[in-house]
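# Chain and residue survey
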Amino acid sequence: MKTRIITLCLIILGTLFGCKEESQPINTEIGPEVTTYYFIRHAEKDRTDPENRDPELNQKGLGRAMHWAEILNDANINAIYTTDYRRTTMTAAPAEVKYDLVRQYYDSSMIDIAAFKADNLGNNVLVVGHSNTTPDFVNKMIGEEKYPPMDDSDNGSLFIVQQIGDMTTDVRLNFNCNCPD
């Protein structure tokens, strides 16, 4: 009986000390970062003075700016970029207030796309531009000449560019604003 107990103890000890548990690295990576960009053109501007290169928004534009903030209500925006014009900053203002953010300015002719992407990795970004700069910026982000300049009356296009790792998707939506003139 003692021999059996000693043999059993030796087997148990041999098992405990003889087997090495191979450590497997723990995969803490959930997946690639998801970055979403929302590109819009400024809302309707005041056209009463054709010589004014930096007009404010008109009444309909102010309504549309509020409408954009409602449309982007669940987008969890955490960065806002505009050009340095009153009409773009006024368009972004309701979203800035909603998300308690401070806008950052960009110059569409000087934008470094790789740096912009790196700076905003994992963010939800609103970019407010113009009829020519917005589609151009989107084209640079997706790496192809897909979108032509917008019609001057188009204040309702929303371009959504999403990057998940190395994959980029894009879509253009249009929102009608029944805002009063």
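Residues numbered from 1 in each chain as written. Predicted model: local features only at pLDDT ≥ 70, side-chain atom pairs only at ≥ 80, totals over all residues. Heavy atoms only, no water.

In terms of burial, strand E5 (residues 157–164) is largely enclosed, as 6 of its 8 residues are buried. One ladder, built from 7 bridges, connects strand E1 (residues 34–41) with E5; its direction is antiparallel. The residue of E5 that forms the bridge with Val34 is Ile164. Examined bridge by bridge, E5 and strand E6 (residues 167–174) share 8 bridges and lie antiparallel to one another. Bridge pairing in E6 places Ser157 opposite Asn174. (Buried < 20%, exposed > 50% of the residue type's maximum accessible area, 1.4 Å probe, protein only. Helix = DSSP H or I, 4+ residues; strand = E, 2+ residues; numbered from the N terminus. Pairing = 2+ DSSP bridges.)

Bringing helix H2 (residues 59–71) into the picture now. Given 3.6 residues to a turn, an α-helix orients residues that are three or four positions apart in the same direction. Counted at 1.5 Å a residue, the expected span for H2 with its 13 residues is 18 Å, and the 19 Å between its end C-alpha atoms agrees. Gly61, Arg64, Ala65, Trp68 and Ala69 are the residues of H2 that are buried. The buried side chains of H2 occupy one side of the element, clustering within an arc of 145 degrees when seen end-on. Along H2, the residues that are exposed and aim more than 90 degrees away from the buried face are Gln59 and Glu70. Two or three places before Lys60, at the start of H2, stands the capping residue Asn58, its side-chain oxygen 3.1 Å from that residue's backbone nitrogen. (Expected span 1.5 Å × (residues − 1). Arc of directions from axis to C-beta. Polar contact = N/O pair within 3.5 Å; in protein donor to acceptor, adjacent residues only side chain to side chain.)

Below, the discussion takes up the sheet that holds E6. Taken in spatial order, the 6 strands make up an open sheet running E3-E2-E4-E1-E5-E6, and their pairing is mixed. Two strands lie at the open edges of the sheet, namely strand E3 (104–105) and E6, each paired on one side alone. Bridge analysis of E1 against strand E4 (residues 124–129) gives 6 bridges, and the strand direction is parallel. Along E4, the bridge assignment pairs Tyr38 with Leu126. Across the sheet, helix H3 (residues 86–99) lies against E1, strand E2 (79–82), E3 and E4, angled at about 170 degrees from E2, the strand it touches most. (Contact = heavy atoms within 4.5 Å. Axes fitted to C-alpha atoms, helices over the stretch in contact; angles between N-to-C directions.)

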